[in-house]
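A look at the structure
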Amino acid sequence: MDWQHAAQTLAAHLADSGELSDPAWRRAFEQVPRHVFVPDAPLDQVYADQALVTQQRPAPTTTGTTGPLLPTSSSSQPGVMATMLERADIRDGMRVLEIGTATGYNAALLTHRLGGNNVYSVELDPTLHATARQRLAATGHHPHLNAGDGTAGWSDQAPYDRIIATCAVNHIPPAWIDQLHTGGRIVAPLAGAGCALMILDKTADDEVTGRLDHQHVAFMPLRTDVGNPLADRRSLGPATNGIGQYGTTSLDPAVYDHADHDLNLLLQLHLPGLSIGAMDNPRGTFLTLSTPIAYAQVARTATATDGRHTTIQYDGRPWDTAEHVAELWQRLGHPDRGRYGISALNRTDRQYIWLDHPDSPYAWPMPV
Ligand SMILES: C[S@@+](CC[C@H](N)C(=O)[O-])C[C@H]1O[C@@H](n2cnc3c(N)ncnc32)[C@H](O)[C@@H]1O
C-alpha cells in the first residue's frame, strides 16, 4: 500500500465527514506519515480513522491484586485530532503547547503547520518522549519537547496562544491558565464517563470561560504516575474496605450502559471522578460505578421474583445518586452537552461547570 495515497484518502474522508475544513490542516494530514509514529500497526489501520493504542499498563486494585491492562498511550483518532485542531482556531505564527506528546504524530501535524519553533509538547513518560523525539526528527520535524508532568505546563517557554491537551482532565490546571496569552484558547477533554471536549478562552488574567463542544471524545486521563494508568494514582475496586450494603433498584442499569454520553455526563457531574465499568463473577454480570470515594455494583439481570435489580453499595452509595440523576435527566429535558459551560479561575476551588448560563441553579464544582 502506498502511504501517500492512503493518507490522502484519510484526509478526504475527514473532509467529507466535516471534521477537516481548513486546507492547511488537510495538507498536514496528507503529508505527515502517521505510520512512522505507529510503526507496529498495519498500514490499513494506520490510515483508517481510528485510535491506535501503543502502550498499556495494569491497573492497581484496592485489594492489592493486579487489575486489567488499561491504555496509557495511543495515537488518537484522526477525526478527533482534526476536530481539536480546528476548534483551537490556530493561525499562522501562533505558539502552541501540547500536553501528551505520546507518539509525536499530533506534534508533527502542528509542526507541519506552524514550524517547530512555535510548537511545544510535554510527555509524562520519558521513554515515550525519547521515542517521539527520534520519530519526529526522522520525519524532519523539530518541535520543542519536554519530559515531565504537563499539569505544570511549560513555564519557561510561556506564554502560549493555544494549549491543546491530548489527555483528559478533571479540572483546568491553574498553570495552563497562567501560561496562556489573554485571548488565548485551551482545548482539552474533560475526564470521565461523559466524554466531553472543553473549548475555553482566556477572558481575564486569571480566568478562562467556555463551553462543551457537541462532539463527544474519549481520552485517557492525565496521570501523575508513569506506572499507573489511572488518574490521581487511584486503584480500581471498592473505595473503602467497608462492608457492602445490599439493596434492590427498579432502575435498569442499562440506562447508563447504552452509550448515552449526555446522560453519563450529567451523572459524572454529580459523581466526581466517575468511571462506569463492568464486572463478571459467578453471581452474574454487573454494572460498576466507581469514584475515589464511592463504589457500587448493580446486577444487569433483574430477579425473577420482583423484577428488580440487586445492588451492592459501599461508602458514598453512588447508585442512589444515579437514581436521582435519572430522574433529573427527565426533568431537565435530556440536556445535551452543548448546553453546558465552564467558568474556571486559576485556582482549583473556583472552577465550575454550569447548565445554560453561569448563574444557573445547576452548577457543579470541577473535581480537584
Ligand atoms: C492519547 S495520548 C496522546 C496522543 C498524542 N498527542 C499523539 O499524537 O500521539 C495521551 C498521552 O498523554 C500522556 N500523559 C498523561 N498524563 C500526562 C501528564 N501529566 N503530562 C504529560 N503527558 C501526560 C500519556 O502518557 C499519553 O502518552
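In what follows, the accompanying structure is described. (Residues numbered from 1 in each chain as written. Predicted model: local features only at pLDDT ≥ 70, side-chain atom pairs only at ≥ 80, totals over all residues. Heavy atoms only, no water.)

1. Examining the environment of serine 73
- Relative to the elements of secondary structure, serine 73 occurs in strand 2 (residues 66-75).
- For serine 73 and methionine 220, which are 147 residues apart along the polypeptide, the C-alpha to C-alpha distance reads 7.6 Å.
- For serine 73, the contacting residues outside a window of four places in its chain are Val53, Thr54, Gln55, Ala102, Leu128 and Met220. (Helix = DSSP H or I, 4+ residues; strand = E, 2+ residues; numbered from the N terminus. Contact = heavy atoms within 4.5 Å.)

2. Here's the deal with the site of the ligand
- Taken together, 27 residues sit near the ligand, with Ser73, Thr103, Glu123, Asp149 and Arg223 positioned nearest.
- Here a nitrogen atom of the ligand and a side-chain polar atom of glutamate 98 are 2.9 Å apart.
- One of the side-chain nitrogen or oxygen atoms of glutamate 123 is found 2.6 Å away from an oxygen atom of the ligand.
- Here the ligand, which alone exposes 600 Å², has 99% of that area covered by the protein.
- At the level of elements, strand 2, strand 3 (96-99), helix 6 (105-114) and strand 4 (119-123) are the ones that each hand at least two residues to the shell around the ligand.
- Top contributing element to the shell around the ligand by residue count: strand 2, with 4 residues.
- A breakdown of the residues in the shell around the ligand according to their chemical character gives 9 nonpolar, 14 polar and 4 charged. (Near = heavy atom within 4 Å. Polar contact = N/O pair within 3.5 Å; in protein donor to acceptor, adjacent residues only side chain to side chain. Areas by Shrake-Rupley, 256 points an atom, 1.4 Å probe, with all protein chains shown as cover. Nonpolar A, V, L, I, M, F, W, Y, C, P; charged D, E, K, R; others polar.)

3. Some points on the sheet that holds strand 11 (residues 275-281)
- Strands sit in the order 10-14-13-12-11 across an open sheet of 5 strands; the sheet is antiparallel. Edge positions in the open sheet fall to strand 10 (245-249) and strand 11, since each of these has one partner strand only. Averaged over all pairs of adjacent strands, the angle between their axes in this sheet comes to 25°, without regard to strand direction.
- Direction of pairing for strand 13 (residues 294-299) relative to strand 14 (residues 309-313): antiparallel, over a ladder of 3 bridges. Across the sheet, residue alanine 296 finds its bridge partner in strand 14, namely glutamine 313.
- Sheet strands touched by helix 10 (residues 318-331): strand 10, strand 12 (284-291), strand 13 and strand 14. Its angle to strand 13, the strand with the most contacts, is close to 70°. (Pairing = 2+ DSSP bridges. Axes fitted to C-alpha atoms, helices over the stretch in contact; angles between N-to-C directions.)

4. Thoughts on the pattern of salt bridges
- Scanning the model with the defined rule gives 14 salt bridges in all.
- We note a salt bridge from arginine 185 to aspartate 201, for which the minimum N-O separation is 2.7 Å. Here aspartate 201 lies in strand 8 (residues 196-204) and arginine 185 lies in strand 7 (residues 180-190), a separation of 16 residues in the sequence.
- Between arginine 347 and aspartate 349 there is a salt bridge, with its nearest N and O atoms 2.8 Å apart.
- In this structure aspartate 349 comes out as partly exposed when scored by relative accessible area, which is 39%. (Salt bridge = Lys/Arg side-chain N within 4 Å of Asp/Glu carboxyl O. Buried < 20%, exposed > 50% of the residue type's maximum accessible area, 1.4 Å probe, protein only.)

5. A short note on unusual backbone geometry
- With an omega of 5°, the peptide bond between alanine 158 and proline 159 qualifies as cis.
- You will see that aspartate 232, though not glycine, has its phi angle at about 55°, which is positive.
- Along the chain, aspartate 232 turns up in the loop between strand 9 (207-212) and strand 10.

6. Quick notes on the pairing of strand 6 (residues 160-165)
- Of all 6 residues in strand 6, 6 are buried; the element is thus mostly enclosed.
- Relative to strand 6, strand 3 runs parallel, the two being bridged by 4 bridges. Its bridge partner being in strand 6, isoleucine 99 is matched across the sheet by alanine 165.
- As defined by bridge partners, strand 6 adjoins strand 7 across 4 bridges and the pair is classed as parallel. Bridging across to strand 7, tyrosine 160 finds its partner in leucine 180.

These values are about where atoms sit, not about what they do.
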